Amino acid sequence: MQYSFKEVEKKWQKNWQEKKLFLAQGSADKPKYYLLEMFPYPSGKIHMGHVRNYTIGDVAARFRRLQGYNVLHPMGWDAFGQPAENAAIKNKTKPDLWTHKCIEWMKLELEKMGFSYDWNREVATCDSSYYHWNQWIFLKMFERGLAYRKASSVNWCPSCETTLANEEVIDGGCWRCHTAVEQKNLEQWFLKITDYKERLLEDLQQLKNWPDKVLAMQGNWIGKSQGVQIYFRLKDNNKVIPVFTTRVDTIFGATYIVLAPEHPLVKEIIQGKPQEKEVLKFIQKAAKEKKNIRAASDVKKEGVFSGSYAINPVNREEVPIWIADYVLMEYGTGAIMAVPTHDQRDFLFAKEHRLAMRIVIRSTSSQDVEDMAEAYEGDGEQVNSGEFDGLSNQEAKIKIAEWMEKEGIGKIETHWRLRDWLISRQRYWGTPIPIVYCSKCGVVPVPEQDLPVKLPADAPFTGEGGSPLGKVKEFVNASCPKCKSVARRETDTMATFFDSSWYFLRFCSPKFIGGPFEEKEAAYWMPVNQYIGGIEHAILHLLYSRFFTKFFQDLGMVKFSEPFERLLTQGMVLKDGEVMSKSRGNIVDPDSIIKDYGADTLRLFMLFAAPPETELEWDSRGIEGAFKFLNRVWRIQENLKEKSDPQLVRALHKAIKKVTEDFTDFKFNTAIASLMELTNAIYQSGADKEVFSQLVIMLSPIAPHFCEELWEILGNKESILTASWPKFDPSLLVEEKVTMVIQVNGKVRSKIEVDQNIAQEELRELVLKDAKLTPWLENKPLKNFIVVPKKLINIVI
């Protein structure tokens, strides 16, 4: 009988759907297991990155079902966002129509892969039944002072009259019309995530099953640092310029200070100076640069002299004030002290602009400024530091900080890199912010009973002239909830990261109408046992999700403080050494592989080609190999025997143990290798129905359609999903011993007892350590080492 994957896959997908075999039962009499992959943006087509991510999750979900767990494995759509607006403009349609059409296409493609999702729990963040609760959460944060409004700088295209994300600024211009992008201050909404900074940092210690790299990235992003706030003063008027540093041991070597172009003091200190025009021109230039590029270590730093000076408080020296692009207002105080001899960035800048340098920390070898090829950033002895000379710099850090605080020229402080979260977007396709502005009452929240504030369906879409919401009079014009006067509705929408910061809780009770989630269901299912997604979400999405969970904890809605117990970050799929992308022309369409080889072949290849955490290089030969392996397994059912050999039964139990361990640890490539070894053993000795059935069950999470068909052929009436995961018998893992005769040049000299399947290298090592052979082998070269398996060894000298 030939394996016909096209008919088989359609047959079982229909069967699973009709019998609703993937529905999760709340509070069932089983241990729960919540398996979740990061939900996708509905672009309309799945790519190989999706296939890999969701195959990893699906195998884990099916494995846990077979182990007897009550599994929740949901799927939904991160459906709001700028790409849908752009696509709608390009295709002359509306974002909601475009998005829902894309969802339909993607859902069909995911079903073709055989993923075991509980579609009964499907959510789309663009549906008002979902974003209703985004608005409710916002209001709860507003009540507690966690949502607030302030002026902030944004990328602005004066031609299109709209804000741009950083990714839409290309070479300083608008991606759409190429007009030079400006920085513009707008009143925008923020969430006070900084109120949770201590908990977000401390609770990283709870996440024992997260990758170390992700924990380090979050820790660095939160960025707690101990240091000193130093009070430099303007020479002209004695006004304080606060500068925070973690390297107060280098303060005596500060030969200039640098302000960010956006620093509020800049325009004051350049006023009337000969450098004023040059500085203003530089500020305009810096405003067009991406901030991540400005801060990058491998980009040349540019700056101009302000014409003003400050006083270094520790030695009363005048130091020039420079304006440079590598200092950002968002970090620290927007001002730094520059110590070129002990900071590489400052060193390169000082060399470029011929600024003064002074060594204040000397290593064991002698150093002179003229001989320095780079900054010395290590430890050493304090020099040129007044009364602190001769101390180690680590000791000097403490003493200088204490002295500065005593003298009132500095203050020991803790600083954080984390900033409050800007959620405002001047876009249409997002959650409307539930606020109105009243000339009498000011900023007024929309009452809960009036939620959701829905997006108007008839907003004009051109991509120009600011937010479409501002052009819909019926939306903008509102009455004040307090005084009933005429009011204006907020036209900003929320960043899409807001939507994805709690969707995992909505899956617990997606149809609940009394709140964002039903607390009883969340108490049962949460936290997520296993979360899977890309490393690119290591900071923002995962940090925001942790923040929201802690906020819900403070509201008394959940009792846990972390949303995800275990995290797996899967590697990207490459072709010819590069990430698959349309621009590179190296895309492999999953549909074409499914058409030619079937979904199970694609799933098998994705899992066997590389461990989940590493990059996977696409290889057509690997697809061929996976297809051949499945067909090899298929042919076993045509020649089953009455009873398997004891040796094969041992091989089966060895495989059960290894595959169970590997599936638990997400080592799918080595689990598949064990299944291949077992298949080879079956081909050598033949297998009975029982042994083959166990192989089919273990293979079923990887190749579910294929194994369902084999399971039915083996005479089973129910789905393989109702089977139980095999258990190994420890007594069958003990290797049988054999006694081997040892000959030297054909004469018996000793005997040795070993495991019957011992590796030859290990056997050789044991034999050569045998003391009985020493008289015959000592100081004599070995010409040959001949092994007759399980019988004898002949050593030729």
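Residues numbered from 1 in each chain as written. Predicted model: local features only at pLDDT ≥ 70, side-chain atom pairs only at ≥ 80, totals over all residues. Heavy atoms only, no water.

J.: When you look at the overall build of the chain in this model, what are you seeing that I'm missing?
T.: Scanning the chain for helices and strands turns up 26 helices and 32 strands. Each of the three principal axes of the chain carries a C-alpha extent, and together these read 100 × 80 × 50 Å. A buried classification covers 53% of the 797 residues belonging to the chain. Across the chain, the fraction of contacts at a sequence separation of at least 24, relative to all contacts at a separation of at least 6, is 71%. By element, 50% of the accessible surface of the chain is carried by carbon and sulfur atoms, the whole surface being about 36800 Å². (Helix = DSSP H or I, 4+ residues; strand = E, 2+ residues; numbered from the N terminus. Buried < 20%, exposed > 50% of the residue type's maximum accessible area, 1.4 Å probe, protein only. Contact = heavy atoms within 4.5 Å. Areas by Shrake-Rupley, 256 points an atom, 1.4 Å probe, with all protein chains shown as cover.)

J.: I tried to follow the sheet that holds strand E21 (residues 477-479) on my own but got confused; where do I start?
T.: Neighbouring strands of a sheet are bound in pairs by backbone hydrogen bonds; such pairs are parallel or else antiparallel. With respect to topology, four strands assemble into an open sheet ordered E20-E19-E22-E21, the strand pairing being antiparallel. With partners counted over all chains shown, the strands left at the sheet margins are strand E20 (442-445) and E21, one partner each. Adjacent strand axes in the sheet meet at a mean angle of 40° when their direction is disregarded. Of the strand pairs in this sheet, strand E19 (residues 435-438) and strand E22 (residues 486-489) are connected by three bridges, and their pairing is antiparallel. Among the inter-strand pairings, Val436 is bridged to a residue of E22, identified as Arg489. (Pairing = 2+ DSSP bridges. Axes fitted to C-alpha atoms, helices over the stretch in contact; angles between N-to-C directions.)

J.: Sorry, what's going on with the pattern of salt bridges here?
T.: Think of it this way: side chains of opposite charge can pair up when their charged atoms draw near. Inspection of every chain in the model, using the stated rule, returns 36 salt bridges. Salt-bridge contacts for Asp58 lead to Arg603; the nearest nitrogen and oxygen are separated by 2.7 Å. Taken together, the residues span a long stretch of sequence, with Asp58 in helix H2 (residues 48-66) and Arg603 in helix H19 (residues 599-608) at a distance of 545 residues. Asp58 sits in the buried class, given a relative accessible area of 0%. Take Arg603: its relative accessible area is 0%, and that puts it in the buried class. Here the salt bridges do not stand alone but share partners, grouping Lys45, Glu109, Lys112, Asp589 and Asp591 into one network. (Salt bridge = Lys/Arg side-chain N within 4 Å of Asp/Glu carboxyl O.)

J.: Hey, could you run me through the environment of Ala373 in this one?
T.: Examined against the element boundaries, Ala373 turns out to sit in the loop between strand E14 (361-362) and strand E15 (381-382). Look at Ala373 and you get exposed, because its relative accessible area is 72%.

J.: Could you clarify how one ought to interpret unusual backbone geometry in this entry?
T.: The phi angle of most residues is negative, glycine excepted, and most peptide bonds adopt the trans form. Geometrically, the link from Leu451 to Pro452 is a cis peptide bond, its omega value of 0° lying close to zero. The amide bond that connects Met526 to the next residue, Pro527, takes the cis arrangement and shows omega of -5°. Relative to the elements of secondary structure, Pro527 occurs in the loop between helix H16 (519-525) and strand E24 (528-534). Even without a glycine there, the phi angle at Phe666 is positive, about 60°. For Phe666, the location among the structural elements is in the loop between helix H21 (646-664) and helix H22 (668-685).

J.: Would you mind going over helix H4 (residues 95-112) with me for this structure?
T.: An α-helix turns once every 3.6 residues. As a result, residues three or four positions apart point the same way. Helix length check: H4, at 18 residues, gives a terminal C-alpha distance of 26 Å against a target of 26 Å (1.5 Å per residue), a fit within 8%. Its buried side turned inward, H4 meets H2, helix H3 (82-91) and helix H18 (590-597). Positive backbone phi, at 80°, marks Gly114, one or two positions downstream of H4. (Expected span 1.5 Å × (residues − 1).)

J.: Explain the sheet that holds strand E4 (residues 162-164) to me, please; I cannot follow it from the model alone.
T.: Strand order in the open sheet made by the four strands is E4-E3-E7-E17, with antiparallel pairing throughout. Every interior strand has two partners, whereas the edge strands, E4 and strand E17 (421-422), have only one. Judged from the ten bridges that link them, strand E3 (residues 147-157) and strand E7 (residues 182-191) form a sheet pairing that is antiparallel. In the sheet register, Tyr148 faces E7, and the bridge partner there is Phe190.

That is the geometry; function is a separate question.
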